[in-house]
There are 2 protein chains.
Amino acid sequence: MALVNLPKTPKGLETLERIRKAAEMLFSEKGYYNTSVTDITTEASVAPGTFYIYFPDKKSVFRYLLEDMSHTLRTEIGVATKDCTSRYDKEYMGFKTFFDFVKKHSGLYKIIWEAQFVDNEMFKEYYENFAARYMIKIREAQQTGEFLDLDPKILAYCLIGISNFIGLKWVIFDNEPVPDEVIREIMRFIRSGAFADPQPANRQ
Amino acid sequence: MALVNLPKTPKGLETLERIRKAAEMLFSEKGYYNTSVTDITTEASVAPGTFYIYFPDKKSVFRYLLEDMSHTLRTEIGVATKDCTSRYDKEYMGFKTFFDFVKKHSGLYKIIWEAQFVDNEMFKEYYENFAARYMIKIREAQQTGEFLDLDPKILAYCLIGISNFIGLKWVIFDNEPVPDEVIREIMRFIRSGAFADPQPANRQ
DNA sequence: ATTTTACATGAATAGTGATTCATATTTCAT
DNA sequence: ATGAAATATGAATCACTATTCATGTAAAAT
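Residues numbered from 1 in each chain as written. Chains lettered and ligands numbered in written order. Predicted model: local features only at pLDDT ≥ 70, side-chain atom pairs only at ≥ 80, totals over all residues. Heavy atoms only, no water.

(A) How the structure looks around the protein's contact with DNA strand C. Taken together, 24 residues lie near DNA strand C, and V37(A), K8(B), T15(B), T50(B) and Y54(B) sit nearest. Of all DNA strand C atoms lying within 4 Å of any protein atom, the proportion belonging to sugar or phosphate reaches 77%. T50(B) has a polar side-chain atom sitting 2.9 Å from a phosphate oxygen of DNA strand C. Of all elements in the fold, only α1 (10-30), α2 (37-43) and α3 (48-54) of chain A together with α1 (10-30) and α3 (48-54) of chain B reach the threshold of two or more residues within the surface near DNA strand C. A per-element tally of the surface near DNA strand C places α3(B) first, with five residues. Within the surface near DNA strand C, the residues separate by chemical class into nine nonpolar, 10 polar and five charged. (Near = heavy atom within 4 Å. Polar contact = N/O pair within 3.5 Å; in protein donor to acceptor, adjacent residues only side chain to side chain. Helix = DSSP H or I, 4+ residues; strand = E, 2+ residues; numbered from the N terminus. Nonpolar A, V, L, I, M, F, W, Y, C, P; charged D, E, K, R; others polar.)

(B) The arrangement of the state of the cysteines in detail. With the rule as written, the count across this model stands at zero disulfides over all chains. Here C158(A) stays free of any disulfide, with the sulfur of C158(B) as its closest cysteine sulfur at 10 Å. C158(A) gets classed as buried once you look at its relative accessible area, which sits at 0%. As a non-bridged cysteine, C84(B) has C158(A) as the owner of its nearest cysteine sulfur, 20 Å distant. (Disulfide = S-S within 2.5 Å. Buried < 20%, exposed > 50% of the residue type's maximum accessible area, 1.4 Å probe, protein only.)

(C) Structural view of the protein's contact with DNA strand D. The local shell around DNA strand D holds 20 residues, among which K8(A), T15(A), A47(A), Y54(A) and V37(B) are the closest. Here DNA strand D approaches the protein such that, of its atoms within 4 Å, sugar and phosphate make up 72%. In this structure, Y54(A) approaches DNA strand D through a side-chain N or O atom, which is 2.5 Å from a phosphate oxygen. Ranked by residues supplied to the surface near DNA strand D, first place goes to α3(A) with five residues. Residues of the surface near DNA strand D, tallied by class, amount to eight nonpolar, eight polar and four charged.

(D) Seen up close, the interface of chain A and chain B. Across the contact, 60 residues belong to chain A and 60 residues belong to chain B. Roughly 6,100 Å² of surface becomes buried between chain A and chain B when both sides are summed, with 69% attributable to carbon and sulfur atoms. Contact with chain B buries area across many residues of chain A, yet F165(A), R191(A) and F195(A) alone supply 14% of it, more than any other trio. Inspection of the region where chain A meets chain B yields two salt bridges. Here K169(B) ties to E128(A) by a salt bridge, and the two come within 2.6 Å at their closest N and O atoms. Run the count over chain A and chain B and you get 14 residue pairs in polar contact (both at pLDDT 80 or more). Of all the secondary-structure elements, those providing two or more residues to the side of chain A that touches chain B are α5 (87-104), α6 (106-118), α7 (120-143), α8 (152-173) and α9 (180-192) of chain A. The element best represented in the side of chain A that touches chain B is α8(A), accounting for 17 residues. Split by residue class, the side of chain A that touches chain B holds 33 nonpolar, 11 polar and 16 charged. (Contact = heavy atoms within 4.5 Å. Buried area = accessible area lost by both parts, 1.4 Å probe. Salt bridge = Lys/Arg side-chain N within 4 Å of Asp/Glu carboxyl O.)

(E) The arrangement of the domain arrangement of chain A in detail. Residues and elements named next belong to chain A. Each assigned domain of chain A is listed with its residue range as follows: domain 1 (1-56) and domain 2 (59-192). Contact with domain 1, which involves 14 residues of that partner, is made by 16 residues of domain 2. With both chains or domains summed, domain 1 and domain 2 bury close to 1,400 Å², and 72% of this area falls on carbon and sulfur atoms. Seen at the junction of domain 1 and domain 2, the total is zero salt bridges. At the junction of domain 1 with domain 2, the criterion picks out four residue pairs in polar contact (both at pLDDT 80 or more). Counted by class, the side of domain 1 that touches domain 2 contains 10 nonpolar, two polar and two charged residues. (Domains from an automatic or database assignment.)

(F) Local environment of the relation of the copies chain A and chain B. Mapping chain A onto chain B calls for a rotation angle of 180 degrees and an axial translation of 0.0 Å; the resulting RMSD is 0.1 Å. Taken together, the rotation angle and the small translation identify this as a two-fold axis. Here 100% of the interface residues in chain A have copies in chain B that are interface residues too; the copies meet face to matching face. (Least-squares fit on C-alpha atoms with pLDDT ≥ 70 in both.)

(G) Focus on a negative patch on the surface. Residues and elements named next belong to chain A. Residues E67, D68, E121 and E125 make up a contiguous surface patch of negative charge. Listing elements by their share of the negative patch, those giving two or more residues are α4 (58-81) and α7. Locating E67 in the fold gives a position in helix α4. (Patch = residues over 30% accessible without salt bridge, like charges linked within 9 Å, V, L, I, M, F, W, Y side chains within 5 Å. Areas by Shrake-Rupley, 256 points an atom, 1.4 Å probe, with all protein chains shown as cover. Lys, Arg positive; Asp, Glu negative; His and termini not counted. Charge placed at Lys NZ, Arg CZ, Asp CG, Glu CD.)

(H) Highlighting the packing of α5(A) against α8(A). Residue and element names in this part refer to chain A. Interhelical geometry of α5 versus α8 gives an angle of 40 degrees and a closest axis separation of 10 Å. The orientation of α5 with respect to α8, classified from their angle, is oblique. Helix-helix and strand crossings are classified by hand; for α5 and α8 the assignment is right-handed. Between α5, through E91, F95, F98, F99, V102 and K103, and α8, the contact on the second element is made entirely by L159, I162, S163, N164, I166, G167 and V171. Residue composition of the contact of α5 with α8, by class: eight nonpolar, three polar and two charged. (Axes fitted to C-alpha atoms, helices over the stretch in contact; angles between N-to-C directions. Parallel < 35°, antiparallel > 145°, perpendicular 65-115°, else oblique. Left-handed = near helix turned anticlockwise from the far one by under 90°.)

(I) Highlighting the pattern of salt bridges. All told, the structure shown has 22 salt bridges over all chains when counted by the stated rule. Between K21(B) and E17(B) there is a salt bridge; the shortest N-O distance is 3.9 Å. On the criterion of helical spacing, the pair formed by K21(B) and E17(B) is a turn pair, its members being four residues apart in helix α1. Since its relative accessible area comes to 52%, K21(B) is described here as exposed. Judged by its relative accessible area of 32%, E17(B) falls in the partly exposed class. The structure contains a network of salt bridges with shared partners spanning E17(A), R20(A), K21(A) and E24(A).

Right, dumping it as structure tokens:
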């Protein structure tokens with residue numbers, strides 16, 4: 001069964017969009033399990049049955065939003081970093097775009113965190129896919145000599161962890177955009193590490 | 001209302017413990033919202049009403065587990081890092097202890113992630129508390145000259161993000177312990193950063 | 001031994017909520 | 001304009017679930 005039954009008329013498209021927006025709003029406000037299908041249809045000003053014209057069940061609208069989000073985020077990061085010449089700039093712009101996205105769509109962003117408990121497979125796939133793409137970029141930067149020879153998988157998850165928790169604190173907890181100074185500070189950290197007196201890199 | 005009504009006889013203690021264990025198991029297996037009180041009491045081999053002798057409602061057992069977990073984790077990290085002489089060793093042992101904990105109590109660990117959607121206040125408090133403690137340690141290490149003068153708050157959330165996402169990937173996704181080589185690689189990263197040719201640390 | 005307190009039961013309550021479907025209306029192609 | 005396709009309705013269904021309570025049993029205190 002498809003995730004969504006796409007409408008064939010402008011009217012249908014408009015209705016689907018209203019349902020999508022209502023779901024996005026309510027999921028981010030109250031979470032998936034505290035939102036009923038009736039909540040969604042009421043917010044969208046349609047009858048309960050209308051929901052099932054477009055979605056086979058409640059979970060599908062969640063998946064639909066997640067896929068949408070994941071695609072939009074990837075695209076935005078891709079566009080924003082396209083013209084960066086150095087890995088350093090790409091990394092900076094990647095962070096910046098991610099934080100902007102989280103601020104602009106904090107509702108959608110929260111959906112990812114909840115996915116672990118709604119659709120665990122999708123949650124895992126989302127992050128592993130994200131990490132896999134990151135690893136490719138990391139390997140490229142290692143070949144040009146821009147990045148140290150750290151394990152790409154480990155480095156990818158470190159960087160993803162950093163962006164997610166900085167986004168969590170500033171945007172989700174404190175409802176602020178992540179200031180540029182914070183991004184610069186993160187860049188200082190991933191450029192030089194945290195220790196004042198770096199030890200030899202290959203000590204066992 | 002208290003989170004839990006502590007029993008006054010050995011028999012009661014044993015029953016409470018059975019309920020606690022059943023809840024922990026089911027929450028980590030299926031999540032809070034896909035676990036019913038009846039599921040818990042069935043798993044614990046007691047009648048539904050027995051649950052309410054010990055907990056005022058369903059949410060309380062979740063909170064109870066969360067507090068328990070949070071306390072145990074803090075204690076274990078405290079003990080493990082007590083005798084470390086350098087900040088480097090403390091950081092290493094902190095990571096190691098955290099990963100061991102996640103592996104050993106992966107069920108409890110997942111509860112934290114879900115807390116955002118069950119008890120958002122508690123979720124926020126948990127991480128802000130964790131970060132606040134981290135910040136104190138970071139400032140100390142900066143005073144002894146072991147750490148660079150990065151913003152303690154930002155650094156704390158970076159390090160928390162790293163440990164959480166490495167734990168997520170290895171333990172939750174792949175169900176493996178985090179190998180020591182991975183911890184060493186993380187240490188390389190936070191010691192030297194990711195870039196091969198570090199720029200001056202204070203460039204604007 | 002008897003009274004009191006603690007613990008346990010499970011059927012009943014009261015409410016929720018996802019989903020269906022028979023029916024009605026609107027839109028569109030011809 | 002008209003038949004077909006698309007969209008919309010909302011009451012009814014059915015399953016589920018948190019919680020209560022009247023009753024019963026076990027343990028502890030006196």
